[in-house]
Amino acid sequence: MNTILETKNLCKTYIINKRQNNVLKNVNFSIAEGEMVAVMGPSGSGKSTLLYSVSGMDKITAGEVIFRGNNLSGLSAKELADLRLDEMGFIFQQMYMLKNLSVLDNIILPACQSKKNTASRKEKVQSGQDLMRKLDIIDIADNDINEVSGGQLQRACICRSMINHPKIIFADEPTGALNRTSSEDVMEELTKINKDGTTIMLVTHDVKVAAKCTRVLYIVDGNIKGEYNLDKYNSSSELRERERSLNNWLMEMGW
Ligand SMILES: Nc1ncnc2c1ncn2[C@@H]1O[C@H](COP(=O)(O)OP(=O)(O)O)[C@@H](O)[C@H]1O
Ligand SMILES: [Mg+2]
């Protein structure tokens, strides 16, 4: 399997009021193409910071992030922006939809911004509609983004993250704000996307969500304390058993 993402001694330090907060301390891991990796760990352990660092959203303090052979620190701001637009998808709570655009226009925005995406406006609209149909939110295509529910908005975020056919999708607690049914729907979509070949790295507090991934990284105080391998999830897999074994391991980790 080809490595898609790799870190070497990744460090991230925040400085606030002259006080140094070493949030990530020499983090090393790699993700192969096609994996679906969950990052778990206590609140404040650096999970979101890790996701922002490896996705080029945050500047790292030391070490390397290598995405498909590119050292992110070696890219110009423009090269990095293009790479993120064309090859990465994001489902981040902080990446709000724009209020003056419809849901559909928000979804196709990354396609309109990408220079690599040479489809016509009409084709982009069509792709956006196709994704919305797949995620069962086509009814809200023309709505304002403040006229939709949390679950619908999260599905719209998934559509947006997929519009440029990314190699990898980064998701920070994609089901965090959802009720159980919406959460299961969103996970079903993410596992489908993964089955179709897109690598996924997500942060979650939910054992049920992590149990559908292929691997779990457990992070404590800015370091990966352990990792747990699961087989690829398919709907016939015994989910209860996956959850049980993962739970046992998490207990060992101090969860
Ligand atoms: N933008 C930021 N500026 C300063 N400190 C931050 C920033 N983001 C996160 N931190 C700090 O980094 C640590 C890890 O935060 P975070 O990555 O959000 O943890 P998690 O996602 O695991 O809950 C916390 O101590 C937090 O206060
Ligand atoms: Mg977080």
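Residues numbered from 1 in each chain as written. Chains lettered and ligands numbered in written order. Predicted model: local features only at pLDDT ≥ 70, side-chain atom pairs only at ≥ 80, totals over all residues.

A.B. asks: Sorry if this is basic, but what is going on with unusual backbone geometry here?
C.D. replies: Excluding glycine, residues mostly carry a negative phi; peptide bonds, for their part, are mostly trans. Positive phi is not limited to glycine here, since Asn26 has a value of about 50 degrees. Mapped onto the fold, Asn26 is located in strand β2 (residues 19-32). Of the residues examined, Asn26 has 15 C-beta atoms within 10 Å and is grouped as partly exposed. With a phi angle near 45 degrees, Glu173 is a residue other than glycine that sits in the positive phi range. Its place among the elements puts Glu173 in the loop between β7 (168-172) and α6 (180-195). For Glu173, a count of 19 C-beta atoms within 10 Å puts it in the partly exposed group. (Helix = DSSP H or I, 4+ residues; strand = E, 2+ residues; numbered from the N terminus. Buried ≥ 20, exposed ≤ 12 C-beta atoms within 10 Å, placed from the backbone.)

A.B. asks: Explanation requested: the sheet that holds β7 in the structure shown.
C.D. replies: The pairing of strands in a sheet comes from backbone hydrogen bonds and takes either a parallel or an antiparallel form. If you trace the 6 strands from one edge of the open sheet to the other, you get β6-β7-β8-β3-β9-β10, paired in mixed fashion. The outermost strands of the open sheet, each flanked by one partner alone, are β6 (88-91) and β10 (223-229). The average undirected angle you get between the axes of adjacent strands in this sheet is 15 degrees. The sheet contact formed by β6 and β7 spans 4 bridges and is parallel. Across the sheet, the residue bridging to Met88 is Ile168, located in β7. (Pairing = 2+ DSSP bridges. Axes fitted to C-alpha atoms, helices over the stretch in contact; angles between N-to-C directions.)

A.B. asks: What am I meant to see in the site of ligand 1 here?
C.D. replies: Near ligand 1, the surroundings consist of Tyr14, Ile16, Asn21, Val23, Gly41, Ser43, Gly44, Ser45, Gly46, Lys47, Ser48 and Thr49. Sorting the residues of the shell around ligand 1 by element identifies β1 (3-16), β2 and α1 (47-54) as the ones contributing at least two each. The element best represented in the shell around ligand 1 is α1, accounting for 3 residues. A per-class count over the shell around ligand 1 returns 3 nonpolar, 8 polar and 1 charged. (Near = placed C-beta within 6 Å. Nonpolar A, V, L, I, M, F, W, Y, C, P; charged D, E, K, R; others polar.)

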